[in-house]
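The primary structure of each chain is shown beneath.
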Amino acid sequence: MALLIEERKQLIKYGKKLIDTGLTVGTGGNISIFDKESGYMAITPSGIDYYQMREEDIVIMDLNGNIVEGSLKPSSENQMHSFVYQNRDDAVAMIHTHALYATTISCLNIDLPAVDYLLAHSGGKNIRCAEYATYGTKELAENALKAMEGRKAVLLANHGINVIGGSIEEAFAIMNNWNSVRAFTGKQRLSGNLSFYQMMRWKRW
Ligand SMILES: [Zn+2]
């Protein structure tokens, strides 16, 4: 284990933060950090609890899907991460989660208006919802990238959310906004119907 030591530490640190803030549970979601200098990304492995994860468990990959260092299977969404780094100069880190409230909204298949100034940190007047595709597929990677154009976040229909940042700190801060959304909307309103959408339009920022 020699490559991207600092990035490995950060992935484990922020994986634990996702658990601690309730943005994911157990082994859910995945995180990567891209090193522009080497052209490699460090990504969390598939199916390992963040609190059990060791630095040597992190997988180092090039952007063509080849494993450069690591003995574990990388996250099944590794292509979704590498597509982003290939196409977005502003991305150095990406977090994918099934955060409860984001996933609930993703099941409505709507573009979420930036109803809260915190959501506006995602880069625009709304957060689009990418067209549905099966998890782990190239199609999902393509749909997600397309719907994230000009934004730092994208909902994945009936699945979850991706957030990118110029640093892992930024990506996490944007993802963590979902906890504020939860606070101001309340669980009941997010139970998945159009009245919630109407409420959001009314509260448009
Ligand atoms: Zn997922």
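Along each chain, residues carry numbers from 1 onward, in the same order as the chain's sequence is written. With pLDDT at 70 or above as the cut-off, local features in this predicted model cover only qualifying residues; side-chain atom pairs require 80 or more to be listed or tallied, and sums for whole chains, interfaces and linings still use all residues.

1. Section: the environment of Arg88
Threshold: Numbering of helices and strands starts at the N terminus; helices are DSSP runs of H or I of at least 4 residues and strands are runs of E of at least 2.
When you line up the elements, Arg88 lands in the loop between α2 (78-87) and β5 (93-97). Sequence separation of Arg88 and Met148 is 60 residues, and the distance between their C-alpha atoms is 9.8 Å.

2. Re the pairing of strand β1 (residues 30-35)
Rules: Whether a residue is buried, exposed or partly exposed follows from its count of other C-beta atoms within 10 Å of its own C-beta, namely 20 or more, 12 or fewer, or something in between, respectively; the C-beta atoms are built from the backbone. Two strands make a pair as long as DSSP finds a minimum of two bridges between them.
Judged by how many residues are buried, β1 sits mostly within the fold: five of six residues are covered. Taken together, the four bridges between β1 and β5 define a ladder with antiparallel strand orientation. In the strand pairing of β5, Asn30 is matched with His96. Remark: four residues form the turn of the hairpin made by β1 and strand β2 (residues 40-43), two consecutive strands paired antiparallel; Gly39 in that turn has positive phi of roughly 80°.

3. Observations concerning helix α5 (residues 138-147)
Put simply, the rule is: Within this analysis, the arc is defined by the directions that extend from the helix axis to the C-beta atoms.
If you check which residues of α5 are buried, you get Leu140, Ala141, Asn143, Ala144 and Ala147. Along the axis of α5, the buried residues cluster in a sector spanning 170°; they form a single face.

4. Let's talk about the confidence of the model for the protein chain
We count it as follows: A score from 0 to 100, pLDDT tells how confident the predictor is in each residue. Residues are treated as contacting if the C-beta atoms built from their backbones sit within 7 Å of each other.
The share of residues in the protein chain with pLDDT of 70 or more is 84%, and the mean pLDDT across the chain is 88. Confidence drops under pLDDT 50 across residues 191-199; counting only partners more than four residues distant or on other chains, this segment forms eight contacts. Taken together, the stretch residues 201-205 has pLDDT below 50 and engages in nine contacts with residues farther than four places along the chain or on a different chain.

5. Quick notes on the nonpolar core
Quick note on the threshold: Here a nonpolar core is just a set of buried residues of the types Ala, Val, Leu, Ile, Met, Phe, Trp, Tyr and Cys, joined wherever their C-beta atoms sit within 7 Å.
Judged by nonpolar contacts, the single largest core of 52 residues is most densely connected at Ala144, Val154, Leu155, Val163 and Ala171. Considering every element that reaches this core, the biggest residue donor is helix α6 (residues 168-185), with six residues. When sequence neighbours within four positions are dropped, the list of residues in contact with Ala171 reads Ala93, Met94, Ile95, Val163, Ile164 and Gly165.

6. Remarks on the sheet that holds β2
Keep this limit in mind: To obtain each axis, a line is fitted to C-alpha atoms, and for helices this fit is confined to the stretch in contact; angles are then taken between N-to-C directions over 0 to 180 degrees.
A sheet is described by the order of its strands in space; here eight strands give the open sequence β4-β3-β2-β1-β5-β10-β9-β8, paired in mixed fashion. Unpaired on one side and paired on the other, β4 (67-69) and β8 (129-130) mark the two borders of the sheet. Bridging between β1 and β2 involves four bridges; their strand directions are antiparallel. Bridge pairing in β2 places Phe34 opposite Met41. Sheet strands touched by helix α1 (residues 5-20): β1, β2 and β5. Its angle to β1, the strand with the most contacts, is close to 150°.

7. As for the environment of Asn176
Summarising the element assignment, Asn176 is placed in helix α6. For Asn176, a count of 18 C-beta atoms within 10 Å corresponds to the partly exposed category. A sequence separation of 77 residues divides Asn176 from Ala99, and the C-alpha atoms of the two residues are 9.5 Å apart. Residues contacting Asn176, with those up to four places away along its chain left out, are Thr21 and Leu23.

8. Thoughts on α2
Within α2, eight of the 10 residues are buried, which leaves it mostly tucked inside the rest of the structure. Residues of α2 that are buried: Asn78, Gln79, Met80, His81, Ser82, Phe83, Val84 and Tyr85.

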